[in-house]
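Structural features, examined
One letter stands for each residue in the lines below.
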Amino acid sequence: MDEDLRNIVLGVLATGVSASLGWLTRTYLWRRGLHRKQAFFGLPGNAECLLVVNRESGGDRSVHRFDVFALLELSALIKDCGAQARILSHDQAHQGFGDRTEFCVGGPYSNRRMAAHLATLLPGVTVNVEVEPSPERGAFTIGTDSYRSEAGVCEYVILARLTAGEGGRPVFLFCGQRAITNQAATRYLARHHVELARRHRSGSFVLLLKVVNSQAYGPDVVELVADVTREARTVPAVAPAAT
């Protein structure tokens, strides 16, 4: 009887130790993953970040529903990091960058702050902002390559993480040819941030993504076209003047 009791006690102790070790291991892995996520997004616990949103084209004060969905995607990431978000319209964000993480959503035609970021941080990128309908409307030019959209079939979006300013906190850009592509880029970031953090050790990157057949698949089918960090951050050469 004493031998049986001892075996039972040892079994209970072994189970308790195993359970404790398992819990400690899971907690350690969860904390390590959280710290890496916070570092990638520049969002330590209780930090404040900015969500800068554009306005829907047409001159009204509303936000396009796909941009609202993009904000919801980002809000979930921010909440997971234990941080807080402050939402600002593009024409209210009169401040520099680097002190707080910023998520800027929308193309330069409807987001002044995006236009400023492209000019300052990505001089190798130009976006056709013509109002009149044409095949070149909304086209991206990155370096020497041009990317035109075919609405609902093939559209492009720039996803960038850039570190600049004295504080060193990153600026995330979601610059799409249509509002649905902005949401596609935020969803891509949410799904692949671990891989992106591992791949881009330097911290900054500029990716060109293609949204495939959004009229059928919405923002879910996204392909990585290229890493265009070097081209996007390089000031284009000025053509020599004719003599």
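A short tour of the structure in this document, coming up. (Residues numbered from 1 in each chain as written. Predicted model: local features only at pLDDT ≥ 70, side-chain atom pairs only at ≥ 80, totals over all residues. Heavy atoms only, no water.)

Helix and strand counts for the protein chain stand at six helices and ten strands. Within the protein chain, contacts between residues at least 6 apart in sequence are counted, and of these 65% link residues at least 24 apart. Accessible area of the protein chain: about 13,400 Å², with a carbon and sulfur share of 54%. (Helix = DSSP H or I, 4+ residues; strand = E, 2+ residues; numbered from the N terminus. Contact = heavy atoms within 4.5 Å. Areas by Shrake-Rupley, 256 points an atom, 1.4 Å probe, with all protein chains shown as cover.)

By the element assignment, His117 lies in helix α3 (residues 112-121). The exposure class assigned to His117 is buried, which follows from its relative accessible area of 2%. For His117, the residues in contact, after removing those within four places along its chain, are Phe97, Glu102, Cys104, Leu122, Val171 and Leu173. (Buried < 20%, exposed > 50% of the residue type's maximum accessible area, 1.4 Å probe, protein only.)

Turning to α3, a few remarks are in order. Restricting attention to buried positions, one finds in α3 the residues Arg113, Met114, His117, Leu118 and Leu121. For α3, the arc enclosing every buried residue in end-on projection is 140°, short of the 170-degree limit, so these residues lie on one face. Exposed and facing more than 90 degrees away from the buried side of α3 are Arg112, Ala119 and Thr120. Packing partners of the buried residues in α3 comprise β1 (48-53), β3 (102-105), β4 (125-127), β7 (154-163) and β8 (170-176). One side-chain oxygen of the residue at the start of α3 lies 3.0 Å from the amide nitrogen of Arg113, identifying that residue as Asn111. (Arc of directions from axis to C-beta. Polar contact = N/O pair within 3.5 Å; in protein donor to acceptor, adjacent residues only side chain to side chain.)

Our next topic: a nonpolar patch on the surface. Taken together, the side chains of Val68, Phe69 and Leu72 make up a nonpolar region of the molecular surface, amounting to roughly 240 Å² of accessible area. Along the chain, the position of Val68 falls in helix α2 (residues 65-80). (Patch = residues over 30% accessible without salt bridge, like charges linked within 9 Å, V, L, I, M, F, W, Y side chains within 5 Å. Salt bridge = Lys/Arg side-chain N within 4 Å of Asp/Glu carboxyl O.)

Next up on the list: the sheet that holds strand β5 (residues 140-142). Overall, antiparallel pairing links the three strands, which are arranged β4-β5-β6 in an open sheet. Strands at the two margins of the open sheet, each flanked by one partner only, are β4 and β6 (145-147). The average angle at which neighbouring strand axes cross in this sheet is 20°, direction not considered. Taken together, the three bridges between β5 and β6 define a ladder with antiparallel strand orientation. In the strand pairing of β6, Phe140 is matched with Tyr147. (Pairing = 2+ DSSP bridges. Axes fitted to C-alpha atoms, helices over the stretch in contact; angles between N-to-C directions.)

Quick look at the pattern of salt bridges now. Side chains that carry opposite charge are capable of pairing whenever their charged atoms lie near each other. A complete count under the given rule lists eleven salt bridges for this structure. The partner of Arg178 in a salt bridge is Glu155, with the nearest N and O atoms 2.5 Å apart. Placement of the pair is Arg178 in the loop between β8 and α4 (179-199) and Glu155 in strand β7, with a sequence separation of 23 residues. On the accessibility criterion, Glu155 (0% relative accessible area) is buried. For Arg199, the salt bridge identified is with Glu195, shortest N-O distance 2.1 Å. You can see Arg199 and its partner Glu195 sitting in helix α4, four residues apart, about one turn around the helix. A relative accessible area of 42% places Arg199 in the partly exposed class. Through salt bridges with shared partners, a single ionic network connects Glu73, Arg187, Arg191 and Asp220.

Ranked by internal contacts, the top residues of the largest apolar core, which has 29 residues, are Phe41, Leu43, Phe103, Phe174 and Leu189. If you list the elements that add at least two residues to this core, you get α1 (2-41), β1, α2, β3, β7, β8, α4 and β9 (205-212). Apart from residues no more than four positions distant in its own chain, Phe103 is found in contact with Phe41, Leu43, Cys49, Leu50, Leu51, Val52, Leu74, Ile78, Phe172 and Phe174. Formed by 26 residues, the second largest nonpolar core is a distinct cluster that contains Leu121, Leu162, Leu173 and Val228. (Core = buried A, V, L, I, M, F, W, Y, C linked by side-chain atoms within 4.5 Å.)

The analysis is restricted to geometry; functional conclusions fall outside its scope.
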